[in-house]
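Single-letter residue listing:
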Amino acid sequence: MSRSVQWVVLCEDRQHETFARRFLEKAGLSARRLRVEIAPPGRGSAVQFVRERFPKELSAYRSNRNRLAQGLIVILDGDNPGVVGRHDELAKACQVQGLKAREQDEHVAIFVPTWNIETWLAYLDGTDVDEGKSDYPRLDRPRDCQQHVERLNTMCQQGTLRQPAPASLAAACEEYRTRMPS
């Protein structure tokens, strides 16, 4: 890992990557301080890519955390398993590799938009959403999420989400608040 990289974003697709990059930039993190590991398109399950890559990235984070102010951000869609199910899958992936699961004091944030990130985008557009539905529209281009990121950033600065908020987004805000250094 390059000494200039401070944060790794491990995610399923370009929409996750773009959303994360823009949000982190709004939070004051330089794009040059990010390394993104994204599932290669057309090469199998993106969720599986994230699950298999997570133990490696967690191990790299642990080996560098005393030398660098850094962290690991993981984004994967909740689909059927949801937030708790995805957290459990990542813990099991670590166990299979002989690693301890993520610990409370680690700057390792796991964001699980449920059903998928389009649910969050619809919510940020002002729609009351149902996380059991998977048919919220995709954006034409991943970069079109800028206005959504700005709305979320404003809500984060105010310390509250518009109600009713998706439970997975509330959980992500808690992950951000407790797992990311201020």
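Refer to the preceding data block for the structure.
One structure accompanies this document, and this report is about it. (Residues numbered from 1 in each chain as written. Predicted model: local features only at pLDDT ≥ 70, side-chain atom pairs only at ≥ 80, totals over all residues. Heavy atoms only, no water.)

As a further point, take the nonpolar core. Within the largest apolar cluster, 28 residues are counted, with the highest numbers of intra-cluster contacts made by Val9, Phe19, Leu24, Ile73, Ile75, Phe111 and Leu152. Elements represented by at least two residues in this core include exactly β1 (7-11), α1 (14-26), β2 (34-38), β3 (71-75), β4 (108-111), α4 (117-124), α5 (146-158) and α6 (167-179). Counting 17 residues, the second-largest nonpolar core is a separate cluster that includes Leu10, Val47, Val74 and Leu76. (Core = buried A, V, L, I, M, F, W, Y, C linked by side-chain atoms within 4.5 Å. Buried < 20%, exposed > 50% of the residue type's maximum accessible area, 1.4 Å probe, protein only. Helix = DSSP H or I, 4+ residues; strand = E, 2+ residues; numbered from the N terminus.)

Applying the stated criterion across every chain yields a total of one cavity of 30 Å³ or more. There is about 190 Å³ of room inside the largest cavity. Surrounding the largest cavity, 15 residues form its lining, Phe19, Phe23, Phe111, Trp120 and Leu152 being those nearest its centre. For the lining of the largest cavity, the secondary structure elements donating two or more residues are α1, β3, α4, α5 and α6. Of the residues assigned to the lining of the largest cavity, the class counts are 15 nonpolar, no polar and no charged. (1 Å grid on protein atoms, 1.4 Å probe; cavity = no way out; pocket = protein on both sides within 12 Å on 5 of 7 lines; lining within 4 Å. Points joined across faces, edges and corners; volume = space filled by probe spheres on them. Nonpolar A, V, L, I, M, F, W, Y, C, P; charged D, E, K, R; others polar.)

This part takes up helix α3 (residues 82-96). In this model α3 runs 21 Å from its N-terminal to its C-terminal C-alpha over 15 residues, within 8% of the 21 Å that 1.5 Å per residue would give. Where α3 terminates, the next one or two residues include Gly98, which has phi positive at roughly 80°. (Expected span 1.5 Å × (residues − 1).)

A word on the pairing of β4. Remember that side chains alternate between the two faces of the sheet whenever the strand is regular. Burial along β4 is two-sided: Val108 and Ile110 and Ala109 and Phe111, pointing in opposite directions, are all buried. By the bridge criterion, four bridges tie β3 to β4 in an arrangement that is parallel. By the bridge assignment, Ile73 is partnered in β4 with Ala109. The handedness of the β3 to β4 crossover, carried by α3, is right-handed. (Pairing = 2+ DSSP bridges. Right-handed = clockwise from strand over helix to strand, strands pointing away.)

What follows is about the side chain of Glu57. Turning to its location among the elements, Glu57 is positioned in helix α2 (residues 46-64). Relative accessible area serves as the criterion here: at 3%, Glu57 is assigned to the buried category. Every residue in contact with Glu57, bar those within four places of it in the chain, is listed here: Val8, Leu10, Arg35, Glu37 and Leu72. (Contact = heavy atoms within 4.5 Å.)

Moving on to the packing of α1 against α5. Here α1 crosses α5 at 45°, and the two axes come no closer than 9 Å. One finds that α1 runs oblique with respect to α5. Seen along the crossing, α1 lies across α5 with a hand that is right-handed. Contact residues: Phe19, Arg22, Phe23 and Lys26 in α1; Gln146, His148, Val149, Glu150, Leu152, Asn153 and Cys156 in α5. Across the contact of α1 with α5, the residue classes tally to five nonpolar, three polar and three charged. (Axes fitted to C-alpha atoms, helices over the stretch in contact; angles between N-to-C directions. Parallel < 35°, antiparallel > 145°, perpendicular 65-115°, else oblique. Left-handed = near helix turned anticlockwise from the far one by under 90°.)

Turning next to the state of the cysteines. Across all of its chains, the model carries zero disulfides by this definition. Considering cysteine sulfurs only, Cys145 is the nearest to Cys11, which forms no disulfide, with 12 Å between them. Accessibility expressed as a relative area gives 0% for Cys11, which makes it buried. Left without a disulfide partner, Cys173 is nearest to the cysteine sulfur of Cys156, which lies 4.4 Å away. (Disulfide = S-S within 2.5 Å.)

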